[in-house]
Amino acid sequence: MKFFKLLVCLLMVVRGLAQPHGKDSSFVSGYRPGFMWYNTGWRPAKVGKLRKYDRLILDVTYNQLLPGSIKQNAARSFGCNVNTMWDIPITNGNTVSFGIGLAYKFQKTGPKGLFFRDSSEKYTHFYVDSGYTNYRKNTFGNHMLAIPVEFRFRTPRWQHFKVHLGASVGYRLQTFQKLWEQDKHRPFKDKDLPDVNGLVYGVHLRIGIRNLALYADYTIAPQFRSGKSDKINSLAFGLSLSIF
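Residues numbered from 1 in each chain as written. Predicted model: local features only at pLDDT ≥ 70, side-chain atom pairs only at ≥ 80, totals over all residues. Heavy atoms only, no water.

Chemist: Could you give me a rundown of the overall build of the chain, with the residues and numbers involved?
Modeler: Looking only at helices and strands, the chain features one helix and 11 strands. Counting from the amino terminus, the chain carries its helices and strands in the arrangement α-β-β-β-β-β-β-β-β-β-β-β. Among the 244 residues that make up the chain, the fraction classed as buried is 48%. Sequence separation of at least 24 residues holds for 70% of the intrachain contacts in the chain that already meet a minimum separation of 6. For the chain, the computed accessible surface area is about 13100 Å², with 63% contributed by carbon and sulfur atoms. (Helix = DSSP H or I, 4+ residues; strand = E, 2+ residues; numbered from the N terminus. Buried < 20%, exposed > 50% of the residue type's maximum accessible area, 1.4 Å probe, protein only. Contact = heavy atoms within 4.5 Å. Areas by Shrake-Rupley, 256 points an atom, 1.4 Å probe, with all protein chains shown as cover.)

Chemist: How would you sum up empty space enclosed by the protein? Please name residues and give values.
Modeler: Evaluation of the coordinates by the stated rule reveals four cavities of 30 Å³ or more. If you add up the space inside the largest cavity, you get close to 70 Å³. Around the largest cavity sit K105, M144, A146, S168, V169, G170, V200, Y201, G202, D217 and T219, which together line it. Elements that contribute at least two residues to the lining of the largest cavity include exactly β6 (135–154), β7 (161–181), β9 (199–209) and β10 (212–219). Taken together, the residues that form the lining of the largest cavity break down as five nonpolar, four polar and two charged. (1 Å grid on protein atoms, 1.4 Å probe; cavity = no way out; pocket = protein on both sides within 12 Å on 5 of 7 lines; lining within 4 Å. Points joined across faces, edges and corners; volume = space filled by probe spheres on them. Nonpolar A, V, L, I, M, F, W, Y, C, P; charged D, E, K, R; others polar.)

Chemist: Help me get a handle on the pattern of salt bridges, residues and values and all.
Modeler: Applying the stated criterion across every chain yields a total of 11 salt bridges. A salt bridge links D190 to R117; the shortest N-O distance between them is 3.1 Å. Here the residue D190 occupies a position in strand β8 (residues 188–190), and R117 occupies one in strand β4 (residues 114–117), the gap between them amounting to 73 residues. On the basis of relative accessible area, D190 is assigned to the buried category, the value being 11%. Residue class for R117 comes out partly exposed when judged on its relative accessible area of 30%. The residue R152 makes a salt bridge to E150 at a minimum N-O spacing of 2.8 Å. (Salt bridge = Lys/Arg side-chain N within 4 Å of Asp/Glu carboxyl O.)

Chemist: For a nonpolar patch on the surface, give the residues involved together with the corresponding values.
Modeler: On the surface, I90, F151, F153, F161, L165, L205, I207 and I209 cluster together to form a nonpolar patch covering roughly 720 Å² of accessible area. Looking at the nonpolar patch, the elements with two or more residues in it are β6, β7 and β9. Broken down by element, the residue count for the nonpolar patch peaks at three residues, all from β9. Structurally, I209 is set in strand β9. (Patch = residues over 30% accessible without salt bridge, like charges linked within 9 Å, V, L, I, M, F, W, Y side chains within 5 Å.)

Chemist: So, the nonpolar core: which residues are in play, and what are the values?
Modeler: L65, I70, F115, F126, F140, L193, V196, F224 and I232 together form the largest nonpolar core, which totals nine residues. Not counting the four nearest positions on each side in its chain, L193 is found in contact with F115, R117, T124, F140 and Q177. (Core = buried A, V, L, I, M, F, W, Y, C linked by side-chain atoms within 4.5 Å.)

Chemist: Lay out the packing of aromatic side chains in plain terms, naming residues and giving numbers.
Modeler: Across all of its chains, the model carries eight aromatic pairs by this definition. Ring geometry for Y62 and F237: centres 5.7 Å apart, planes at 50°, overall tilted. Of this pair, Y62 sits in strand β1 (residues 56–66) while F237 sits in strand β11 (residues 233–242), and the two are 175 residues apart along the sequence. Overall, F237 belongs to the partly exposed group, its relative accessible area being 40%. Measuring from ring centre to ring centre gives 6.3 Å for F106 and F176, while their planes differ by 10°; the resulting arrangement is stacked. Of this pair, F106 sits in strand β3 (residues 96–109) while F176 sits in strand β7, and the two are 70 residues apart along the sequence. Following the ring pairs from residue to residue traces out a cluster consisting of F115, F126, F140 and F224. K137 extends its terminal NZ or CZ atom over the ring of W180, reaching a point 4.8 Å from the ring centre. (Phe/Tyr/Trp six-rings, centres within 6.5 Å; stacked < 30°, edge-to-face > 60°. Lys NZ or Arg CZ within 6 Å of the ring centre and 35° of its normal.)

Chemist: How would you sum up the environment of F176? Please name residues and give values.
Modeler: Relative accessible area serves as the criterion here: at 3%, F176 is assigned to the buried category. Considered as a pair, F176 and D192 are 16 residues apart in the sequence and their alpha carbons are 7.4 Å apart. Apart from residues no more than four positions distant in its own chain, F176 is found in contact with F106, T139, F140, G141, N142, H143, K189, D190 and K191.

Chemist: How would you explain the pairing of β11 if you had to name every residue and give the values?
Modeler: Regular strands place their side chains on alternate faces of the sheet. Alignment of β1 against β11, held across 10 bridges, turns out to be antiparallel. In the strand pairing of β11, D59 is matched with S240. Bridge count for β10 against β11 is eight bridges, and the pairing is antiparallel. Its bridge partner being in β11, D217 is matched across the sheet by A236. (Pairing = 2+ DSSP bridges.)

By themselves, these observations are geometric and do not establish any function.
In C-alpha cells, the structure reads:
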C-alpha cells in the first residue's frame, strides 16, 4: 500500500502533464483519447493546443523469468505498470513525439522452485528441487520505480496507429519471495534475499491503435549483481491502456 500511496501523490504533483502548444489551427482536435474525455489538467485547454495522447498509461503484464528453463505457474505470474508521461511533439501534427515520465512497476511470477541463500549468506540461487516440500505455493516479485523515455510515432488521424520505442532506468524498491506453507493460511514473506541488484534498466515497445496497444518489456539488468548468484532476467508482455 505504501507504494500505491506514493504513486497517488506523484500523480497529484504532475501538474496536468503539460503539452506544448501548436500554432496551426488545422492540427487542433475536438477529441481527446481515453475515457477521461474532457480532462485538461489543472487549467482549461488553450485555443490551438495540439492533441494530447498517452499521458497516463496502464500496462497489464504476464511476467516470465529468464532463462526460459524456469517453469512457472501462469496464474501467479501477472503484474502491472502505471506510467505518468509528458508527450512532447517533435513534428507540427504530433506524428512524432518524445515521451518522458515516471513509472511504477510491479512484476510478480510464480516459479516452480525456490530462491535460497548459499552457505555464505551472500549470494542467491534458484533450485527446482530444493528438498523443501512443506509449502503449497510460492511467488517471487519486484516493486520498482523507473524513468521511461520513448520515441513515439503515430499516424495523423485521431483514430491513429502508433508505435512507441522506449527504454527506462530506475531503482528496485523491493524484491520478495512469498511462501504459503501447508499448515498455515498466511504466507511467509522473505524480503532479504542477498545480492539483489538495486539498479534496473531495460527496453520496451508498444504497438497499437488510439488508446490500446500491445506491450513488451525486457529487463536487461540482472536480478542479482554478482556472477556468483544465478543470472536471472525478466520479460514482460501484455496490454496497454492510455487513459488520457
